[in-house]
Amino acid sequence: YMAIVVYAPALALAQVTGINLLLSVCLICFVCIFYTTLGGMKAVLWTDTLQVVIMYITMLFIVIYGTISIGGFKYVWQEAVNSGRDELINFDPNPTTRHTVWSLIIGGYFTWVTIYGCNQAQVQRYLCVKKLYMARRALWINLVGLVILMLVSSFAGLVIYAKYKDCDPLRSGIVTAGDQLFPLFVMDTMGQFRGLPGLFVAGIFSGALSTVSSGMNSLAAITLEDFIKGLFFPNMSEKTATRVSKGLTVLYGLITFGGVFIAQLMGDVLSAALSIFGMVGGPLLGMFTLGMFFPWANAVGCFVGTVVSLLFMMWIGFGFQIAKSFGYIVSHAKETSIEGCAMFVNETLAILSPTTETSASMWDLSIFKMSYMWYSATGCMTVIIVGMIVSLISGKQNVRELDPRTISPGYHWVNSIIPITKDLGEDFKNKQRKKSEADSGEHNLAYVVYPTVPKEAKYTEESSRF
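Residues numbered from 1 in each chain as written. Predicted model: local features only at pLDDT ≥ 70, side-chain atom pairs only at ≥ 80, totals over all residues. Heavy atoms only, no water.

(A) Region of the structure containing the overall build of the protein. Tallying secondary structure elements over the protein gives 15 helices and zero strands in all. Every one of the 466 residues in the protein was classed for burial, and the buried ones make up 40%. In the protein, of all internal contacts separated by at least 6 residues, the share reaching a separation of at least 24 is 78%. Carbon and sulfur atoms make up 67% of the accessible area of the protein, which amounts to about 27,400 Å² in all. (Helix = DSSP H or I, 4+ residues; strand = E, 2+ residues; numbered from the N terminus. Buried < 20%, exposed > 50% of the residue type's maximum accessible area, 1.4 Å probe, protein only. Contact = heavy atoms within 4.5 Å. Areas by Shrake-Rupley, 256 points an atom, 1.4 Å probe, with all protein chains shown as cover.)

(B) Structural context of the packing of aromatic side chains. Under the counting rule described, the total for this entry stands at nine aromatic pairs. For the ring pair W315 and F368, a centre distance of 5.1 Å and an interplane angle of 65° mean the geometry is edge-to-face. A residue pair is termed long-range when its members are at least 10 positions apart, and W315 in helix α11 (residues 299-326) and F368 in the loop between α12 (357-363) and α13 (375-394) qualify at 53 residues. Overall, W315 belongs to the partly exposed group, its relative accessible area being 39%. These aromatic residues form a ring-pair network of at least three members: F312, W315 and F368. Stacked on the ring of Y161, the Lys or Arg R85 has its end atom at 3.9 Å from the ring centre. (Phe/Tyr/Trp six-rings, centres within 6.5 Å; stacked < 30°, edge-to-face > 60°. Lys NZ or Arg CZ within 6 Å of the ring centre and 35° of its normal.)

(C) Examining a nonpolar patch on the surface more closely. A cluster of nonpolar side chains, contributed by F73, W77, V81, L88, I89, F91, W102, L104, I105 and I106, occupies part of the molecular surface with about 1,000 Å² of accessible area. At the level of secondary structure, the elements contributing two or more residues to the nonpolar patch comprise α3 (73-82) and α4 (101-117). Top contributing element to the nonpolar patch by residue count: α4, with four residues. Among the structural elements, V81 can be located in helix α3. (Patch = residues over 30% accessible without salt bridge, like charges linked within 9 Å, V, L, I, M, F, W, Y side chains within 5 Å. Salt bridge = Lys/Arg side-chain N within 4 Å of Asp/Glu carboxyl O.)

(D) Spatial organisation of the pattern of salt bridges. In the structure shown here, the tally under the stated rule is four salt bridges. Note that D166 is salt-bridged to K165, the shortest N-O span being 3.2 Å. Ionic pairing is found between E225 and K229, a salt bridge with its closest N-O pair at 3.6 Å. Of this pair, E225 and K229 both sit in helix α8 (residues 196-232), separated by four residues, roughly a single helical turn. Classification of E225 as partly exposed rests on a relative accessible area of 43%. Look at K229 and you get buried, because its relative accessible area is 15%.

(E) Layout of the nonpolar core. Judged by nonpolar contacts, the single largest core of 46 residues is most densely connected at V6, V25, I62, V76, F182, F185 and V212. The element that contributes the greatest number of residues to this core is helix α2 (residues 21-69), accounting for ten residues. Setting aside anything within four residues of it in sequence, one finds F185 in contact with I62, G66, V159, I160, K163 and Y164. Judged by nonpolar contacts, the second largest core, of 16 residues, contains I4, I276, M313 and M370. (Core = buried A, V, L, I, M, F, W, Y, C linked by side-chain atoms within 4.5 Å.)

(F) Quick peek at the side chain of S408. Secondary-structure assignment places S408 in the loop between α13 and α14 (409-417). Among the residues examined, S408 registers a relative accessible area of 8% and is labelled buried.

(G) Here's a closer look at α11. With 28 residues, α11 ought to run about 40 Å at 1.5 Å a step, and its terminal C-alpha atoms sit 40 Å apart, in line with that. Along α11, the positions that sit buried rather than exposed are G301, C302, G305, T306, S309, M313, I316, G317, G319 and A323. The opening residue of α11 is N298, an N-cap whose side-chain oxygen sits 3.3 Å from the backbone nitrogen of V300. Immediately beyond the C-terminal end of α11, within one or two residues, lies G327, with a positive phi of roughly 90°. (Expected span 1.5 Å × (residues − 1). Polar contact = N/O pair within 3.5 Å; in protein donor to acceptor, adjacent residues only side chain to side chain.)

(H) Looking closely at helix α7 (residues 181-190). Across the ten residues of α7, seven count as buried, placing the element largely inside the fold. For α7, the full list of buried residues reads F182, P183, L184, F185, V186, T189 and M190.

(I) Focus on the side chain of S172. Within the secondary structure, S172 sits in the loop between α6 (132-164) and α7. With a relative accessible area of 13%, S172 lands in the buried category. Here P169 takes part through its backbone oxygen, which lies 3.3 Å from a polar atom of the side chain of S172.

(J) Spotlight on the environment of G425. Mapped onto the fold, G425 is located in the loop between α14 and α15 (426-449). Separated by 24 residues in the primary sequence, G425 and E401 have C-alpha atoms spaced 5.3 Å apart. The contacts of G425, once residues within four sequence positions are left out, are V399, R400, L402 and P404.

(K) Representation of the packing of α4 against α13 within the structure. Between α4 and α13, the shortest axis-to-axis distance is 7 Å and the interhelical angle comes to 75°. The orientation of α4 relative to α13 falls into the category roughly perpendicular. Each of F110, T111 and T114 in α4 lies in contact with α13, whose residues at this interface are S376, A377 and C380. Along the lines of polarity and charge, the residues of the contact of α4 with α13 split into three nonpolar, three polar and no charged. (Axes fitted to C-alpha atoms, helices over the stretch in contact; angles between N-to-C directions. Parallel < 35°, antiparallel > 145°, perpendicular 65-115°, else oblique. Nonpolar A, V, L, I, M, F, W, Y, C, P; charged D, E, K, R; others polar.)

(L) Molecular detail of the environment of I276. For I276, the location among the structural elements is in helix α10 (residues 269-293). When the C-alpha positions of I276 and Y375 are compared, they lie 8.7 Å apart, and in sequence the two are 99 residues distant.

(M) Structural detail: the state of the cysteines. Counted by the stated rule, this structure contains zero disulfides. Distance from the sulfur of C380, which forms no disulfide, to the nearest cysteine sulfur (C118) is 8.5 Å. (Disulfide = S-S within 2.5 Å.)

Geometric descriptors of this kind do not, in isolation, establish any biological role.
Given below as structure tokens:
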């Protein structure tokens, strides 16, 4: 995913400035590695704050000025209506349809819960604030900002169409990838103003740098805490841990740099990014959901369900790419025109045909045509279904011995209305009660032996019991 995030602004920089794509990638990656390694999480948070301001200013200015320059909002919307691009509601239940009401609401719900609920890059931001209400407030603010950004970005697509409705830059060969249309629009609309194309590049870079820096930082933190310290060196000193963390940040930065060359083969940036989130994030969300809402699930079921879901989603995701390369999956774009192009355009349509019946039987499957918006939901449900089946076969979790705090508050609320597991955590509570009583007895005994408290002793929560 981070490789895709780096690839998108590199395309923009190459289109606006003419700089080689590889050089653009190097600039983004190594600048990000530099300040993330030196500054850590604090640098990530402060740079994210500044970068989001630049990104919003840039997007709003470009879209507003671009709309005015081509005839205003009414003209842009009318062109969208005339070309059938004003499709706001589509109730088609077919899961292979790219965007429908169902895929955006249901599939989008699972996708965004994956990003904001169990993604380490987001969770580590929640943990940086002192109080829970601060994290909740930050999420509400983020919701408003995200809705605005999505609406502005979607409307930007309509503005670009209204600008090039008579001469499609992609079909005419002016650009080679759909992700270069927005940079081309910026240069054609505001190229005469000094500094504005640079402002656009700064805005695109800001979004990329903030995402990649937080990703590298979170990966380094997970590797250090869960694997290096958790499995091999539990008593590692803070000084050594800091050095190892910086080294891991550099390592993941270099891996991101190498992944950019794979990202070039994955098609348009948005669907590729959300596809990866679905393939990996869906099983991750399923693992959390299984543990928090199904107290009968055990560790074996969770592990097997996660592995099966990952393999299944990888098969679908990579199968889509292979089927697309063979020509079995063709993206049906809205109709465009090249009649208004000033130059003669020689348009050639290449149609890939399967070479053997074997390849057709292997990759011409309907499941590969499933919309990427359903990936997270499919991965999550696969973990839950497989995990529960394996848990029942291998011996389900004894709910009496389970710590109730590990179960979602939502489950406890439902359980209070419709008793599903009346004895949830009873044995665990009894053990904790007996342990507390034993600890209290030891403290009382200590009180008898040492009836006076030294003057230098500090008042603590433990001492307040006596």
